[in-house]
Amino acid sequence: MIRWKFTFDTDEEQDWLNDYAQRGWAMSSFFAGIVTFVPSQPGEYIYQIDLLPGKGIFARNYEDYVIFMNEMGVEVLQRWGRWVYLRKRAEDGPFEAYTDAASKIELYQRIRKMFIWALCIVFLCSFSAWNLLFQFPEDMFSRGLVGGYVVILAVMLRAVWQCSWKIKELERQNR
């Protein structure tokens, strides 16, 4: 079964994957929002998503990370840039990649930083569309292009805000 899920909220995506796992569908692959599921035993797996440390799309120490996760009984199911999809058999016990507030804060800071980086790139790329719109204000293509950039920028700003909100909540709980 193939499903499309493109979200900028890691927690929402994890919940979505775990919901499918509870209904007997195991994720087998992911690419650009397209998730492939295969039949499995209901509740067989628990999924987590991680963003590896690094710069841009390049992760640091990926091989060491995979070895460490395998030693912990966790399968690194899929990697997409720095995003990593993890799963563990539910029968092996609970699975939470980040168990304390400090490590969760660090994760959300990495995610926020990545979205800020992407936001800047999209913003810079949008200049040519804005220029086109100012030169040809009646042109539907330039209006649509600018509209598309505005939507993408708004979604990314929302993701940055969500990460900031989660960080503040964790810091408040950690006091």
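Quick summary incoming for the structure in this document.

With respect to the overall build of the protein
- For the protein, the count of helices and strands is four helices and eight strands.
- Reading the helices (α) and strands (β) of the protein from amino to carboxyl end gives β-α-β-β-β-β-β-α-β-β-α-α.
- Over its C-alpha atoms, taken along the principal directions, the protein stretches across nearly 60 × 45 × 30 Å.
- Taking the contacts inside the protein whose residues are at least 6 apart along the sequence as the reference set, 58% of them involve residues at least 24 apart.
- As displayed, the protein has an accessible area near 10500 Å², and 60% of this comes from carbon and sulfur atoms.
- A gap of 5 Å separates the mean positions of the 20 positive and 21 negative side-chain charges of the protein.

Re empty space enclosed by the protein
- All chains considered together, the criterion is met by one cavity of 30 Å³ or more.
- Quantified by volume, the largest cavity comes out at close to 40 Å³.
- Lining the largest cavity, in full, are Phe8, Asp9, Thr10, Tyr108, Ile111, Ala159, Gln162, Cys163 and Lys166.
- Elements with a minimum of two residues in the lining of the largest cavity: helix H3 (101-135) and helix H4 (140-174).
- The element contributing the most residues to the lining of the largest cavity is H4, with four residues.

With respect to the state of the cysteines
- Within this structure, the stated rule accounts for zero disulfides.
- Cysteine 120 takes part in no disulfide bond, and the closest cysteine sulfur, belonging to cysteine 125, lies 11 Å away.
- No disulfide involves cysteine 163; its sulfur sits 15 Å from the nearest other cysteine sulfur, which is in cysteine 120.
- Cysteine 163 gets classed as buried once you look at its relative accessible area, which sits at 5%.

Describing the sheet that holds strand S2 (residues 25-31)
- Taken together, three strands build an open sheet; the order of strands is S1-S3-S2 and the sheet is antiparallel. The open sheet has two edge strands, strand S1 (2-4) and S2, and neither has a second partner. Taking each pair of neighbouring strands and ignoring which way they run, the sheet shows an average axis angle of 30°.
- Where S2 and strand S3 (residues 34-39) come together, six bridges link them in antiparallel fashion. Bridge assignment links serine 29 to a residue of S3, and that residue is threonine 36.
- Its contacts with the sheet place helix H1 (residues 10-22) against S1, S2 and S3, and it is angled at close to 25° to S3.

Regarding the layout of surface pockets
- The space that makes up the largest pocket amounts to roughly 420 Å³.
- Lining the largest pocket we find 20 residues, and of these Phe8, Trp80, Trp83, Met114 and Phe115 sit closest to its centre.
- Every element with two or more residues in the lining of the largest pocket is listed here: H1, strand S8 (83-89) and H3.
- Ranked by the residues each element gives to the lining of the largest pocket, the list is headed by H3, at four residues.
- Looking at the lining of the largest pocket residue by residue, the class counts come to 12 nonpolar, four polar and four charged.

Looking at the sheet that holds S8
- In spatial order, the strands read S4-S8-S7; together these three strands make up an open sheet with antiparallel pairing. Two strands bound the open sheet, and with one partner strand each, they are strand S4 (45-51) and strand S7 (75-80). Direction aside, neighbouring strands of the sheet carry axes that sit 20° apart on average.
- Sitting on the sheet, H1 touches S4 and S8, and the angle it makes with S4 is about 160°.
- Sheet strands touched by helix H2 (residues 62-71): S4, S7 and S8. Its angle to S7, the strand with the most contacts, is close to 150°.

Reading the values: the criteria
Residues numbered from 1 in each chain as written. Predicted model: local features only at pLDDT ≥ 70, side-chain atom pairs only at ≥ 80, totals over all residues. Heavy atoms only, no water. Helix = DSSP H or I, 4+ residues; strand = E, 2+ residues; numbered from the N terminus. Contact = heavy atoms within 4.5 Å. Areas by Shrake-Rupley, 256 points an atom, 1.4 Å probe, with all protein chains shown as cover. Lys, Arg positive; Asp, Glu negative; His and termini not counted. Charge placed at Lys NZ, Arg CZ, Asp CG, Glu CD. 1 Å grid on protein atoms, 1.4 Å probe; cavity = no way out; pocket = protein on both sides within 12 Å on 5 of 7 lines; lining within 4 Å. Points joined across faces, edges and corners; volume = space filled by probe spheres on them. Disulfide = S-S within 2.5 Å. Buried < 20%, exposed > 50% of the residue type's maximum accessible area, 1.4 Å probe, protein only. Pairing = 2+ DSSP bridges. Axes fitted to C-alpha atoms, helices over the stretch in contact; angles between N-to-C directions. Nonpolar A, V, L, I, M, F, W, Y, C, P; charged D, E, K, R; others polar.

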